[in-house]
Amino acid sequence: MLRLLIMVRAWSLAFLIFIQVSSLVAQNFTPEMTQLDDFPGLPRDDGSSFSLNGKGYFGLGSNIYFNLSQDFWEFDTITNTWKQLPDFPLSKRQYTTELNFQSQAFIIGGSTENGMSSEVVVFQAESGFAQIENAPFKLAASAGFTILNEGFIVGGRDDSVKVNSFWRFDAETQNWTD
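Residues numbered from 1 in each chain as written. Predicted model: local features only at pLDDT ≥ 70, side-chain atom pairs only at ≥ 80, totals over all residues. Heavy atoms only, no water.

**A few points about the nonpolar core**
And step 1. With 15 residues, the main nonpolar core has Phe106, Ile108, Val120, Phe137, Ile153, Phe169 and Trp176 as its most contacted residues.
And step 2. Looking at this core, the elements with two or more residues in it are strand S8 (97-101), strand S9 (104-108), strand S12 (120-124) and strand S18 (166-170).
And step 3. If we ignore the near neighbours within four places in the chain, the residues touching phenylalanine 106 are Thr97, Glu98, Leu99, Phe101, Val120, Val121, Val122, Ile132, Phe169, Ala171 and Gln174.
And step 4. Formed by 13 residues, the second largest nonpolar core is a distinct cluster that contains Tyr57, Phe72, Phe123 and Phe129. (Core = buried A, V, L, I, M, F, W, Y, C linked by side-chain atoms within 4.5 Å. Buried < 20%, exposed > 50% of the residue type's maximum accessible area, 1.4 Å probe, protein only. Helix = DSSP H or I, 4+ residues; strand = E, 2+ residues; numbered from the N terminus. Contact = heavy atoms within 4.5 Å.)

So, in structure tokens, the structure goes:
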């Protein structure tokens, strides 16, 4: 009983502090948007994006002619410039899922001209793209997030069927569990 009371009081205090700090931030916060250099590739949607080491990366997707893309680009926030990278090493695709871990990003699955993919590619800024073992599923348009050294993929599509699957990826061992 005493432990519960202490936890409730600690939680309440933390909650009150959070509310007070949030109120102060909200009162003094003015969002700013700054126009940067436009993306130099063809306009597209459903692309792949992630950030590593202070740089943004973007590629793949469906361009304005409804063709799948294979190009990949790096945006340097310091110099406000885009640089084209070598093309994605596998088939063109859209609706991939990305998981970021410190110095590497994993690009998973997606929809290709031949259907859903289970392929996984790791990207490292120093060495570029490398294909690793396929995922145990074929999904596109899933949501992905990372917590410490684990990545999670939820939902998406398997062909034309929406799914509610949930997968865990260990970045160190590169193993999947459902």
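**So, the sheet that holds strand S11 (residues 115-116)**
And step 1. One open sheet accounts for three strands, arranged S7-S10-S11; its pairing is antiparallel. Single-partner strands in this sheet number two, and they are strand S7 (93-94) and S11.
And step 2. Note that strand S10 (residues 111-112) and S11 share two bridges and pair antiparallel. Each bridged residue has a counterpart across the sheet, and for serine 111 the counterpart in S11 is methionine 116. (Pairing = 2+ DSSP bridges.)

**Some points on the pairing of strand S14 (residues 143-147)**
And step 1. Bridge analysis of S14 against strand S15 (residues 150-154) gives five bridges, and the strand direction is antiparallel. Bridge pairing links phenylalanine 145 to phenylalanine 152 in S15.
And step 2. With antiparallel pairing between neighbouring strands as the criterion, S14 and S15 make up a hairpin whose turn holds two residues, including leucine 148 at a positive phi of roughly 55°.

**Some words on the side chain of serine 117**
And step 1. By the secondary structure assignment, serine 117 is in the loop between S11 and S12.
And step 2. Take serine 117: its relative accessible area is 6%, and that puts it in the buried class.
And step 3. Looking at serine 117, its side chain comes within polar contact range of the side chain of arginine 93, at 3.1 Å.
And step 4. Non-local contacts of serine 117, meaning those with residues more than four positions away in its chain, are made with Arg93, Gly109, Gly110, Thr112, Phe137, Lys138 and Leu139. (Polar contact = N/O pair within 3.5 Å; in protein donor to acceptor, adjacent residues only side chain to side chain.)

**Thoughts on the environment of serine 48**
And step 1. Structurally, the position occupied by serine 48 is in strand S2 (residues 48-52).
And step 2. Taking relative accessible area as the criterion, serine 48 reaches 0% and is therefore assigned buried.
And step 3. Spatially, the C-alpha atoms of serine 48 and arginine 93 are 9.2 Å apart, while their sequence positions differ by 45 residues.
And step 4. Excluding anything up to four places from it in sequence, serine 48 contacts Tyr57, Phe58, Gly59, Leu60, Phe72, Thr96, Glu98 and Ile107.
And step 5. A polar contact is formed between the side chain of serine 48 and the side chain of glutamate 98, at a distance of 2.8 Å.

**Thoughts on unusual backbone geometry**
And step 1. Located in the positive-phi region is phenylalanine 66, a residue other than glycine, with phi close to 60°.
And step 2. Within the fold, phenylalanine 66 resides in the loop between strand S4 (62-63) and strand S5 (72-76).
And step 3. With phi around 40°, glutamine 102 is a residue other than glycine that occupies positive phi space.
And step 4. When you line up the elements, glutamine 102 lands in the loop between S8 and S9.
And step 5. A relative accessible area of 76% means that glutamine 102 is categorised as exposed.

**Here we look at the packing of aromatic side chains**
And step 1. Within the structure shown, the criterion is met by 20 aromatic pairs.
And step 2. Here the aromatic rings of phenylalanine 101 and phenylalanine 169 are separated by 6.4 Å at their centres, their planes lie at 50°, and the arrangement is tilted. Here phenylalanine 169 lies in strand S18 and phenylalanine 101 lies in strand S8, a separation of 68 residues in the sequence.
And step 3. Judged by relative accessible area, phenylalanine 169 falls into the buried class, the value being 1%.
And step 4. What links up through ring pairs into an aromatic cluster is the set Phe50, Tyr57, Phe72, Phe88, Phe123 and Phe129.
And step 5. Lying across the ring of tyrosine 95, arginine 157 places its NZ or CZ 5.0 Å from the centre. (Phe/Tyr/Trp six-rings, centres within 6.5 Å; stacked < 30°, edge-to-face > 60°. Lys NZ or Arg CZ within 6 Å of the ring centre and 35° of its normal.)

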